[in-house]
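Each chain, letter by letter, is given below.
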Amino acid sequence: MTIQTWPDLRYYLDEDLKANGMTCWRFQDRYRRPEVYYQRLMRKLEYLLAQPGMIARARRSLVRFRFMRMSIATGISIPPGVFGPGLSIAHYGSIVVHSKVRAGAYCRINSATNIGFANGGVPYLGDHVYISPGAVLYGPITVGSRVVIGANAVVGKNVPEDVTVAGAPARVISNRNSRSVMPKFVPFPEEHNAASN
Ligand SMILES: CC(=O)SCCNC(=O)CCNC(=O)[C@H](O)C(C)(C)COP(=O)(O)OP(=O)(O)OC[C@H]1O[C@@H](n2cnc3c(N)ncnc32)[C@H](O)[C@@H]1OP(=O)(O)O
């Protein structure tokens, strides 16, 4: 699912706020939560990229400019169209994600992480994947839903659902899933919840 319509955009913005522990967006949050502001500009850009016409193109240029400026200010480089609804970016600071990566809903990503291209492809991540600080994911791999990637893990192979992996190279260290490490405010809706715990 990607953002195509105005209701899609509203849905993504609402789920992103929930996943970041917020109930509404106020002007001052641009300065208090710059990583969430970055994310909102990313969602607006995703919406505008799907709109035809001259006006949309003009608005797209403006939003893209503000998005790029926030990218430099926050150190976050997540291209539009990568993460599903309910993304939660834990802190500003270096986060780099390749534009072809696809990730599901309600993922949480920490700083000093990199999800990138290698061996001819990029990772595909399921829902509710928790990425700890310093993790690197690369290559044409699949990371199952509700996985925890440990701090400083180097992940270059497929990871099954509902496990915790850590180390370099990463290996499964337990069958604990991301429910145990996600903050309480990250939603686990029923449809994303079937196999957890
Ligand atoms: C600013 C902020 O606060 S942002 C938030 C930052 N914090 C985080 O993101 C939390 C990151 N947490 C981790 O990395 C944790 O280690 C987890 C969640 C991956 C694993 O936690 P647990 O399931 O409790 O694992 P546990 O501590 O029992 O360790 C099990 C084994 O894995 C090893 N292990 C755990 N984490 C790692 C790791 N990141 N890298 C390598 N080995 C690890 C342990 O040494 C232990 O090995 P042993 O059995 O040989 O002694």
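Described in the following lines is the structure provided in the data block. (Residues numbered from 1 in each chain as written. Predicted model: local features only at pLDDT ≥ 70, side-chain atom pairs only at ≥ 80, totals over all residues. Heavy atoms only, no water.)

1. Quick look at the nonpolar core
Note that soluble globular proteins tend to have their nonpolar side chains buried in a common cluster.
Piece 1. Grouped together as the largest cluster of nonpolar side chains are 42 residues, with contacts concentrated most on Ile78, Phe83 and Ile149.
Piece 2. Of all the secondary structure elements, the ones that give two or more residues to this core are helix 1 (6–19), helix 3 (34–49), helix 4 (54–74) and strand 3 (95–97).
Piece 3. Ranked by the residues each element gives to this core, the list is headed by helix 3, at 7 residues.
Piece 4. Counting residues domain by domain, this core receives three or more from each of domain 1 (6–76) and domain 2 (94–179). (Core = buried A, V, L, I, M, F, W, Y, C linked by side-chain atoms within 4.5 Å. Buried < 20%, exposed > 50% of the residue type's maximum accessible area, 1.4 Å probe, protein only. Helix = DSSP H or I, 4+ residues; strand = E, 2+ residues; numbered from the N terminus. Domains from an automatic or database assignment.)

2. Let's talk about the environment of Gly139
Piece 1. With respect to the helices, strands and loops of the structure, Gly139 is situated in the loop between strand 9 (136–138) and strand 10 (142–143).
Piece 2. When its relative accessible area of 0% is taken as the criterion, Gly139 is described as buried.
Piece 3. Separated by 124 residues in sequence, Gly139 and Glu15 have C-alpha atoms that sit 29 Å apart.

3. Regarding the site of the ligand
Piece 1. As a matter of local geometry, the ligand sits amid 13 residues, with Asn110, Tyr130, Pro133, Ala151 and Arg176 nearest to it.
Piece 2. Tyr130 has a polar side-chain atom sitting 2.9 Å from an oxygen atom of the ligand.
Piece 3. The contact in question runs from an oxygen atom of the ligand to an N or O atom on the side chain of Arg176, over 2.9 Å.
Piece 4. Burial of the ligand by the protein chains amounts to 43% of its free accessible area of 970 Å².
Piece 5. Of the residues belonging to the shell around the ligand, the class tally is 6 nonpolar, 6 polar and 1 charged. (Near = heavy atom within 4 Å. Polar contact = N/O pair within 3.5 Å; in protein donor to acceptor, adjacent residues only side chain to side chain. Areas by Shrake-Rupley, 256 points an atom, 1.4 Å probe, with all protein chains shown as cover. Nonpolar A, V, L, I, M, F, W, Y, C, P; charged D, E, K, R; others polar.)

4. Quick look at the sheet that holds strand 4 (residues 102–103)
Piece 1. Pairing within the open sheet is parallel, and its 3 strands lie in the order 4-7-10. The two strands at the open ends of the sheet, each matched to only one other strand, are strand 4 and strand 10.
Piece 2. Alignment of strand 4 against strand 7 (residues 124–125), held across 2 bridges, turns out to be parallel. Looking at the pairing, Ala103 lines up with Leu125 of strand 7. (Pairing = 2+ DSSP bridges.)

5. Description of the side chain of Ser145
Piece 1. One can find Ser145 in the loop between strand 10 and strand 11 (148–149).
Piece 2. What makes Ser145 buried here is its relative accessible area of 11%.

6. Thoughts on the sheet that holds strand 9
Piece 1. With parallel pairing, 5 strands are arranged side by side in an open sheet as 1-3-6-9-12. The sheet is open, and its two borders are formed by strand 1 (76–77) and strand 12 (154–155), each paired with just one other strand.
Piece 2. In the sheet, strand 9 pairs with strand 12 via 2 bridges, with the strands oriented parallel. Bridged to Leu137 within strand 12 is Val155.

7. Quick word on the environment of Arg40
Piece 1. Relative to the assigned elements, Arg40 resides in helix 3.
Piece 2. For Arg40, a relative accessible area of 11% gives the class buried.
Piece 3. Sequence-wise, Arg40 and Arg179 are 139 residues apart; in three dimensions their C-alpha atoms are separated by 25 Å.
Piece 4. Apart from residues lying up to four places away in sequence, Arg40 is in contact with Leu13, Leu17 and Trp25. (Contact = heavy atoms within 4.5 Å.)

8. Side note on the packing of helix 3 against helix 4
Between two packed helices, both the angle of their axes relative to each other and the distance between the axes serve to describe the pair.
Piece 1. Where helix 3 contacts helix 4, the two axes come as close as 9 Å, and the packing angle between them is 155°. Judged by the angle between their axes, helix 3 and helix 4 are roughly antiparallel. In this structure, helix 3 crosses over helix 4, and the sense of that crossing is left-handed. For the pair helix 3 and helix 4, the contacting residues are Pro34, Glu35, Tyr37, Tyr38, Leu41, Met42, Lys44, Leu45, Leu48 and Leu49 in the first and Ala56, Arg59, Arg60, Val63, Arg64, Arg66, Phe67, Met70, Ser71 and Thr74 in the second.
Piece 2. Residue composition of the contact of helix 3 with helix 4, by class: 12 nonpolar, 2 polar and 6 charged. (Axes fitted to C-alpha atoms, helices over the stretch in contact; angles between N-to-C directions. Parallel < 35°, antiparallel > 145°, perpendicular 65-115°, else oblique. Left-handed = near helix turned anticlockwise from the far one by under 90°.)

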